[in-house]
Amino acid sequence: MLEIVNLHASVGDRPILKGIDLSIKAGDVHAIMGPNGSGKSTLSYILAGRDGYTVTDGSVTYNGEDLLALPPERRAATGVFLAFQYPVEIPGVSNSTFLKTALNAVRRQRGESELDAIQFLKLARAKCKQLGMTDEMLKRAVNVGFSGGEKKRNDILQMALLDPKLTILDETDSGLDIDALRIVADGVNSLRGPNRAMLVITHYQRLLSYIVPDYVHVLAFGRIQRSGGKELALELEARGYAEFGVNEAA
Amino acid sequence: MSPAPNTSDTLDQVKNITDQKYKYGFVTEIESDTAPKGLTEDTIRFISAKKNEPQWLLDWRLKAFRHWLTMKEPKWARVAYPPIDYQDAHYYSAPKSTPLKKSLDEVDPELLRTYEKLGIPIKEQELLAGVEPTIAVDAVFDSVSVATTFKAKLHEKGIIFCPISEAVQTHPELVKQYLGSVVPYSDNYFATLNSAVFTDGSFVYIPKGVRCPMELSTYFRINAANTGQFERTLIIADAGSYVSYLEGCTAPKRDENQLHAAVVELVAHDDAQIKYSTVQNWYPGDEHGVGGIYNFVTKRGACRGVNSKISWTQVETGSAITWKYPSCILQGDNSVGEFYSVAITNNYQQADTGTKMIHIGRNTRSTIVAKGISAGRAQSTYRGLVKIMPKAIGARNHTQCDSLLIGDKCGAHTVPYIESRNKSAKIEHEATTAKISEEQLFYCRQRGLTPEDAVSLIVNGFCREVLKELPMEFAVEAQKLVGISLEGSVG
Ligand SMILES: Nc1ncnc2c1ncn2[C@@H]1O[C@H](COP(=O)(O)OP(=O)(O)OP(=O)(O)O)[C@@H](O)[C@H]1O
Ligand SMILES: [Mg+2]
């Protein structure tokens with residue numbers, strides 16, 4: 001589904017990613033772990049198409065298509081979803097307006113019919129319930145005044161509505177309380193299936209005991225240093241990143 | 001190190017999307033009766049004679065004109081434009097086919113088609129049993145009103161809704177009593193010019209205790225070239241009455257600038273309420289700043305009675321230059337003034353707009369919410385005055401001024417004047433300036449929105465407090481307009 005080959009990327013003129021190779025098949029869940037500042041979020045932004053993050057070498061193919069050639073909204077329409085490490089606030093725009101606009105924008109691009117207000121609300125309410133969120137969250141302005149955990153949950157609500165094919169979760173677990181973590185993990189797991197894939201960025205093994213990955217990769221210094229199965233996460237939890245030359249003084 | 005990702009990168013990427021889509025820019029081919037170019041006492045006599053006006057009104061116009069000759073164009077606003085040649089314009093233009101309209105059936109079909117194209121209902125729809133009309137329209141085409149709907153229905157309640165030139169004939173005593181009573185003929189350069197040469201506009205009178213059963217609306221259309229539009233609107237809400245009035249406007253795309261200098265006067269008596277909403281969408285000029293309307297307007301409301309209320313809501317998206325300060329004179333004790341404004345400027349548009357709240361009576365209250373959005377190379381200024389007179393015990397004002405910048409070549413300025421001569425007054429002023437962040441745009445785009453839709457959504461969110469004040473009929477239209485006005489500015 002996703003084929004990343006020799007990917008080099010810079011922020012401004014500072015090289016961050018220095019040759020990433022990663023192949024994700026439909027049905028797979030890959031986890032990426034790695035020290036702060038190693039380039040995990042940068043990789044997620046490159047895949048989603050954020051301005052200012054430039055690819056200097058290599059390629060990314062998504063379902064046979066050159067992903068890097070598409071503007072962000074097209075990528076979203078073809079099923080790429082990024083749950084942000086820091087979800088953004090949009091004052092004055094209600095969550096339900098935002099969700100409905102996004103959902104219909106995506107449906108339009110996919111050639112599907114748009115949902116009217118009533119159909120949308122029914123769907124949104126059902127998804128809210130699934131994620132243990134109150135309807136009140138739909139009325140509030142997008143992420144404004146949301147707690148850290150609520151913001152993350154709100155991103156997962158968006159994911160549930162937009163029904164993505166390739167989901168990238170960037171530290172979705174940070175800031176979630178224990179119950180919320182389980183609820184979010186259930187939401188994510190319900191999207192697992194033979195036609196979908198996931199890239200889960202996290203610092204903690206804990207999330208991976210709920211969303212069990214097929215593969216775990218260690219990203220450090222802009223490259224994937226090691227790959228393995230789910231047991232690699234446990235090993236990292238015990239030993240840290242010292243073996244990859246990362247100073248653990250902090 | 002090259003700059004980190006910021007808004008301007010995004011801007012560059014999507015700058016070339018489209019030029020302004022001003023969909024009302026067409027011209028109606030219609031034969032007109034036009035005054036020769038130029039402005040002299042003869043021009044004024046010509047207009048007055050066309051309208052068959054009584055002597056007192058001609059005298060009033062001439063007094064204004066003579067005063068105007070002694071005045072200088074104001075220069076204090078933060079707008080720049082080449083000198084206006086007042087002799088190089090027509091001051092009267094009317095479609096020939098509609099000399100003295102009697103009923104809607106007699107209106108020139110070409111005019112009806114024009115309004116249809118503009119989406120303005122000037123045909124009275126067949127009334128279904130039990131379905132009440134929600135809006136009555138007075139359509140002003142260049143210098144004359146060409147149609148007014150539902151007059152008869154309103155007449156049943158004693159409401160007068162007609163062109164002001166007709167009111168001069170049918171209700172001269174009301175016009176004489178109130179015309180110039182809120183904005184005197186000598187008020188300011190543009191208002192004085194308007195007093196001399198005003199051509200048409202709407203007249204509204206709501207009798208005591210009557211709640212107007214539908215929205216009243218005037219739709220202004222400038223069609224003729226090189227013609228100034230000088231309309232005059234007068235709305236009187238007698239004791240205990242209520243009216244909601246909407247004003248809309250468009251003009252064809254033309255390369256030369258055209259002058260629009262209107263005057264609106266509102267009078268609210270005891271316990272009366274007037275809600276006045278404007279969606280101003282005059283042609284703004286092209287993306288290089290060529291053409292567009294100069295919109296120099298004086299709007300003022302007098303809360304004469306106790307517990308009266310006047311509320312101005314404006315969405316200003318059009319015009320090359322906007323110079324406009326809808327104001328409230330809070331004379332009656334416990335009277336309330338409100339001003340809700342969204343001003344959007346794009347490309348080379350300039351807007352200097354705001355309000356004046358003059359607190360005279362006791363316990364008078366005013367609220368100001370002004371949202372300015374600038375994109376492209378536009379300049380937007382909020383200019384407001386809150387004045388508390390010595391007898392205004394317990395007066396209160398709250399002002400909220402927010403500016404949103406899109407890109408880094410535009411500007412937003414806030415100029416609040418506060419004069420308080422009563423110690424018991426409470427005045428609060430808050431102001432913020434923000435930019436649409438690259439983060440917000442990316443967040444929206446990652447969820448499937450195009451840059452234009454993202455900007456429209458974010459800006460609509462920014463304006464929400466104001467847009468929610470608009471009557472339902474206008475709110476949806478205004479939201480769309482917000483998006484369209486910013487097209488091509490950014491992403
Ligand atoms: N906009 C930017 N301007 C300058 N430097 C940036 C920018 N974005 C990222 N960087 C730098 O790129 C490097 C990689 O950042 P990135 O956010 O991808 O790390 P990360 O692996 O996600 O870290 P964390 O675990 O802390 O989230 C960091 O050194 C960071 O400072
Ligand atoms: Mg990160």
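Residues numbered from 1 in each chain as written. Chains lettered and ligands numbered in written order. Predicted model: local features only at pLDDT ≥ 70, side-chain atom pairs only at ≥ 80, totals over all residues. Heavy atoms only, no water.

### Focus: the overall build of chain B
Item 1. From N to C terminus, chain B includes eleven helices and 23 strands.
Item 2. For chain B, the residues scored as buried account for 63% of the 491 residues in total.
Item 3. At a minimum sequence separation of 6, the contacts of chain B that also span at least 24 residues come to 85%.
Item 4. Summed over its atoms, the accessible surface of chain B is roughly 18,700 Å², and 51% of this surface lies on carbon and sulfur atoms. (Helix = DSSP H or I, 4+ residues; strand = E, 2+ residues; numbered from the N terminus. Buried < 20%, exposed > 50% of the residue type's maximum accessible area, 1.4 Å probe, protein only. Contact = heavy atoms within 4.5 Å. Areas by Shrake-Rupley, 256 points an atom, 1.4 Å probe, with all protein chains shown as cover.)

### Details of the overall build of chain A
Item 1. Check the secondary structure of chain A and you find nine helices and twelve strands.
Item 2. Relative to a compact globule of 250 residues, whose C-alpha radius of gyration would be 18 Å, chain A shows 18 Å and is just as compact.
Item 3. Across its three principal directions, the C-alpha atoms of chain A cover 55 × 40 × 35 Å.
Item 4. Burial statistics for chain A: of 250 residues in total, 55% are counted as buried.
Item 5. Residue pairs at least 24 apart in sequence account for 68% of intrachain contacts in chain A once pairs closer than 6 positions are excluded.
Item 6. As displayed, chain A has an accessible area near 10,500 Å², and 50% of this comes from carbon and sulfur atoms.
Item 7. The positive charge centre, built from 29 side chains, and the negative charge centre, built from 30, are 4 Å apart in chain A. (Rg over C-alpha atoms; globule rule 2.2 N^0.38 Å. Lys, Arg positive; Asp, Glu negative; His and termini not counted. Charge placed at Lys NZ, Arg CZ, Asp CG, Glu CD.)

### A short note on helix H6 (residues 148-162) of chain A
Item 1. The terminal C-alpha atoms of H6(A), which comprises 15 residues, lie 22 Å apart, in line with the 21 Å expected from a rise of 1.5 Å per residue.
Item 2. For H6(A), a buried count of 13 out of 15 residues is recorded, marking the element as mostly surrounded by other parts of the structure. (Expected span 1.5 Å × (residues − 1).)

### Observations regarding the coordination of the magnesium ion (ligand 2)
Residues and elements named next belong to chain A.
Item 1. At the metal site, the magnesium ion (ligand 2) is ligated by Ser41 (OG) and Gln85 (OE1), and these contacts range over 2.0 to 2.1 Å. Taken as a pair, serine 41 in helix H1 (residues 40-48) and glutamine 85 in the loop between strand S6 (80-83) and strand S7 (90-94) lie far apart in primary sequence, 44 residues in all. The two residues serine 41 and glutamine 85 agree in class, both being buried. (Donors = N, O, S within 2.8 Å, 3.2 Å for Na, K, Ca; no water.)

### Remarks on the environment of Tyr215(A)
All names here are of chain A.
Item 1. Mapped onto the secondary structure, tyrosine 215 falls in strand S11 (residues 215-220).
Item 2. Relative accessible area serves as the criterion here: at 34%, tyrosine 215 is assigned to the partly exposed category.
Item 3. With 187 residues separating them in the primary sequence, tyrosine 215 and aspartate 28 have C-alpha atoms 8.0 Å apart.
Item 4. Residues within four places of tyrosine 215 in sequence aside, it is in contact with Lys25, Asp28, Val29, His30, Ala31 and Gly228.

### Thoughts on the packing of aromatic side chains
Residues and elements named next belong to chain B.
Item 1. Enumeration according to the criterion identifies 24 aromatic pairs over all chains in this entry.
Item 2. One aromatic cluster is present, formed by Phe65, Trp68, Trp76, Tyr81, Tyr86, Tyr189, Phe190, Tyr294, Phe296, Trp323 and Tyr325 through successive ring pairs.
Item 3. Its end group placed over the ring of phenylalanine 462, lysine 371 keeps NZ or CZ at 5.0 Å from the ring centre. (Phe/Tyr/Trp six-rings, centres within 6.5 Å; stacked < 30°, edge-to-face > 60°. Lys NZ or Arg CZ within 6 Å of the ring centre and 35° of its normal.)

### Points about the state of the cysteines
Simply put, the disulfide is a covalent bond whose two ends are the sulfur atoms of two cysteines.
Residues and elements named next belong to chain B.
Item 1. Enumeration according to the criterion identifies zero disulfides over all chains in this entry.
Item 2. Sulfur of cysteine 212: no disulfide; nearest cysteine sulfur belongs to cysteine 162 and is 13 Å away.
Item 3. On the basis of relative accessibility, which here comes to 7%, the residue cysteine 212 falls in the buried class.
Item 4. In this structure cysteine 463 is a free cysteine whose sulfur lies 13 Å from that of cysteine 401, the closest cysteine sulfur available. (Disulfide = S-S within 2.5 Å.)

### Quick word on the site of ligand 1
Item 1. Taken together, 17 residues sit near ligand 1, with Arg14(A), Gly37(A), Lys40(A), Ser41(A) and Thr42(A) positioned nearest.
Item 2. This site is not confined to one chain, since residues near ligand 1 come from chains A and B.
Item 3. Contact between ligand 1 and Gly37(A): an oxygen atom at 2.8 Å from a main-chain N or O atom of the residue.
Item 4. Compared with its free state, where it exposes 640 Å², ligand 1 has 73% of that area covered by protein.
Item 5. Elements that contribute at least two residues to the shell around ligand 1 include exactly strand S2 (14-24) and H1 of chain A. (Near = heavy atom within 4 Å. Polar contact = N/O pair within 3.5 Å; in protein donor to acceptor, adjacent residues only side chain to side chain.)

### Some points on the pairing of strand S9 (residues 166-170) of chain A
All names here are of chain A.
Item 1. Of all the five residues making up S9, five are buried; the element is thus mostly covered by neighbouring parts of the structure.
Item 2. Residues Leu166, Ile168 and Asp170 of S9 are buried on one face, and the alternating residues Thr167 and Leu169, pointing to the opposite face, are buried as well.
Item 3. Note: S6 against S9, four bridges, orientation parallel. Note that in S9 the partner of valine 80 across the bridge is leucine 166.
Item 4. Strand direction decides the pairing type here: S9 and strand S10 (residues 197-201), joined by five bridges, are parallel. (Pairing = 2+ DSSP bridges.)

### Some thoughts on the sheet that holds strand S14 (residues 309-316) of chain B
All names here are of chain B.
Item 1. A sheet is described by the order of its strands in space; here ten strands give the open sequence S4-S3-S7-S9-S12-S14-S17-S19-S21-S23, paired in mixed fashion. Whereas interior strands pair on both sides, the edge strands pair on one side only; in this sheet they are strand S4 (144-148) and strand S23 (426-435). Averaged over all pairs of adjacent strands, the angle between strand axes in this sheet comes to 10 degrees, irrespective of strand direction.
Item 2. For strand S17 (residues 336-345) and strand S19 (residues 365-374), the ladder comprises ten bridges, and the chain directions are parallel. (Axes fitted to C-alpha atoms, helices over the stretch in contact; angles between N-to-C directions.)

### A word on the side chain of Lys51(B)
All names here are of chain B.
Item 1. For lysine 51, the position within the fold is in the loop between helix H2 (41-50) and helix H3 (55-69).
Item 2. For lysine 51, a relative accessible area of 9% translates into the label buried.
Item 3. A distance of 2.8 Å separates the side chain of lysine 51 from the backbone oxygen of threonine 199, its partner in a polar contact.

### Quick look at the pattern of salt bridges
Item 1. On inspection of all chains with the given rule, the structure shows 32 salt bridges over all chains.
Item 2. Residues Asp88(B) and Lys37(B) are paired through a salt bridge, measuring 3.0 Å at the closest nitrogen-oxygen approach. On the criterion of sequence distance, the pair formed by Asp88(B) in the loop between H3 and strand S2 (93-95) and Lys37(B) in the loop between strand S1 (32-34) and H2 is long-range, its members being 51 residues apart.
Item 3. A relative accessible area of 41% means that Lys37(B) is categorised as partly exposed.
Item 4. Among the charged side chains, a salt-bridge network with shared partners connects Arg226(A), Glu235(A), Arg239(A) and Glu243(A). (Salt bridge = Lys/Arg side-chain N within 4 Å of Asp/Glu carboxyl O.)

### Some points on H1(A)
For an α-helix the count is 3.6 residues per turn, leaving residues at separations of three or four pointing the same way.
Residues and elements named next belong to chain A.
Item 1. Of all nine residues in H1, nine are buried; the element is thus mostly enclosed.
Item 2. Of the residues making up H1, those classed as buried are Lys40, Ser41, Thr42, Leu43, Ser44, Tyr45, Ile46, Leu47 and Ala48.
Item 3. Looking at the residues trailing H1, positive phi occurs at glycine 49, about 90 degrees.

### Considering the sheet that holds S10(A)
Residue and element names in this part refer to chain A.
Item 1. Ordered in space as S6-S9-S10-S3-S11-S12, the six strands form an open sheet in which the pairing is mixed. Here the strands that pair on one side only, and so sit at the sheet edges, are S6 and strand S12 (223-228). Strand-to-strand twist across the sheet, computed as the mean angle between neighbouring axes with direction ignored, equals 20 degrees.

### Quick notes on the confidence of the model for chain B
Residues and elements named next belong to chain B.
Item 1. For chain B, the mean per-residue pLDDT works out to 84, and 87% of the residues sit at or above 70.
Item 2. Across residues 1-20 the pLDDT falls below 50, and counting only partners more than four positions away or on other chains, this stretch makes 38 contacts in the model.
Item 3. Note on the complex model: pTM 0.83, ipTM 0.95. (pLDDT = per-residue confidence, 0-100.)

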